[in-house]
Amino acid sequence: NGPFNSPTHNTGNGAISANGEHFYYSVCEKNWKGKMICDLWVAEKAGTKWVNEKSLGLAVNDGFSSSMPTVGIETKRNKEIIYFVSDRPGGRGGLDIWYTIYNDKKDEYKAPKNAGSKLNTEGDELTPYFNLFEHKLYFSSTGYPGLGGLDIFSSRGDQRKWTTPKNIGYPINSSADDLYYISEKGNDSGYLVSNRKGGNQLMHETCCDDIYHFAILDYIHIALEGMIVE
């Protein structure tokens, strides 16, 4: 229930900041060439309502498509980092993951930077999700060896410094397309989108995307209680 939806645009890919105060989303429409172009927008929390919706500005929305935002935290200054997918020039090829940092003092977003060659490939990188607890970025890619189609990978880091992406493996990944990975609170379960066999079929067995829920059976919760002394 907010000011996001419009009868003239496609709206989606919502992501909420760690402090719960900002809601980021994509606003898309076709340009004069018939190509779908998405811009990134943000709204602010005011009590129980979302208000003051606005574009992230010309530095981010510069005529090239930008969509699928997820929100992380900068390690040095605790600034909001918005990772997103774009086809803008300066990437590795196809769709890449980029990021912009929110300057809360000036209430503006810095010019985007490419997340670097550790993450991005000559293929497509899609649907990033930043897990604040693990400080990991989960994303789908066609550019790394996998089980087939789009596979989900994870990498720890931020901005342009990342560990080598790791395929999170079967049964999360399949021979079909797997994307939109997100974990629930506690990190022992979550959701993804897939067109794997066994879903709801309209035309053929891998025609369509479905939402799946997963649980990590060997996830270990450790609770500590104690006192720190000098």
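Anything mentioned here points back to the structure above.
In this text, all values refer to a predicted model and were calculated from it rather than measured experimentally. (Residues numbered from 1 in each chain as written. Predicted model: local features only at pLDDT ≥ 70, side-chain atom pairs only at ≥ 80, totals over all residues. Heavy atoms only, no water.)

Asker: What's the story with a positive patch on the surface in this structure? I'm lost.
Answerer: Together, Lys106, Lys110, Lys113 and Arg160 line one region of the surface with positive charge. By the secondary structure assignment, Lys106 is in the loop between β7 (96-103) and β8 (108-109). According to the relative accessible area criterion, Lys106 is exposed, its value standing at 57%. (Patch = residues over 30% accessible without salt bridge, like charges linked within 9 Å, V, L, I, M, F, W, Y side chains within 5 Å. Areas by Shrake-Rupley, 256 points an atom, 1.4 Å probe, with all protein chains shown as cover. Salt bridge = Lys/Arg side-chain N within 4 Å of Asp/Glu carboxyl O. Lys, Arg positive; Asp, Glu negative; His and termini not counted. Charge placed at Lys NZ, Arg CZ, Asp CG, Glu CD. Helix = DSSP H or I, 4+ residues; strand = E, 2+ residues; numbered from the N terminus. Buried < 20%, exposed > 50% of the residue type's maximum accessible area, 1.4 Å probe, protein only.)

Asker: Honestly, the nonpolar core in this entry has me stumped. Any pointers?
Answerer: Considering soluble globular proteins, one finds that nonpolar side chains tend to be buried as a cluster. Within the largest apolar cluster, 13 residues are counted, with the highest numbers of intra-cluster contacts made by Tyr83, Leu137, Phe139 and Trp162. Residue assignment for this core shows that the elements contributing at least two residues are β6 (80-86), β7 and β11 (136-141). Here this core gets three residues from one element, more than from any other, and that element is β7. Among the nonpolar cores identified, the runner-up in size contains twelve residues, and Leu56, Phe84, Tyr102 and Tyr109 belong to it. (Core = buried A, V, L, I, M, F, W, Y, C linked by side-chain atoms within 4.5 Å.)

Asker: Explain empty space enclosed by the protein here, please?
Answerer: With a probe scaled to a water molecule rolled over the atoms, the places where space remains empty come into view. In total, this model carries one cavity of 30 Å³ or more according to the counting rule given. In this model, the largest cavity occupies a volume close to 30 Å³. Asn195, Arg196, Gly199, Asn200, Glu205, Thr206, Cys207 and Cys208 are the residues that line the largest cavity. Residues that form the lining of the largest cavity fall into these classes: two nonpolar, four polar and two charged. (1 Å grid on protein atoms, 1.4 Å probe; cavity = no way out; pocket = protein on both sides within 12 Å on 5 of 7 lines; lining within 4 Å. Points joined across faces, edges and corners; volume = space filled by probe spheres on them. Nonpolar A, V, L, I, M, F, W, Y, C, P; charged D, E, K, R; others polar.)

Functional significance is not addressed by these values, which are geometric in nature.
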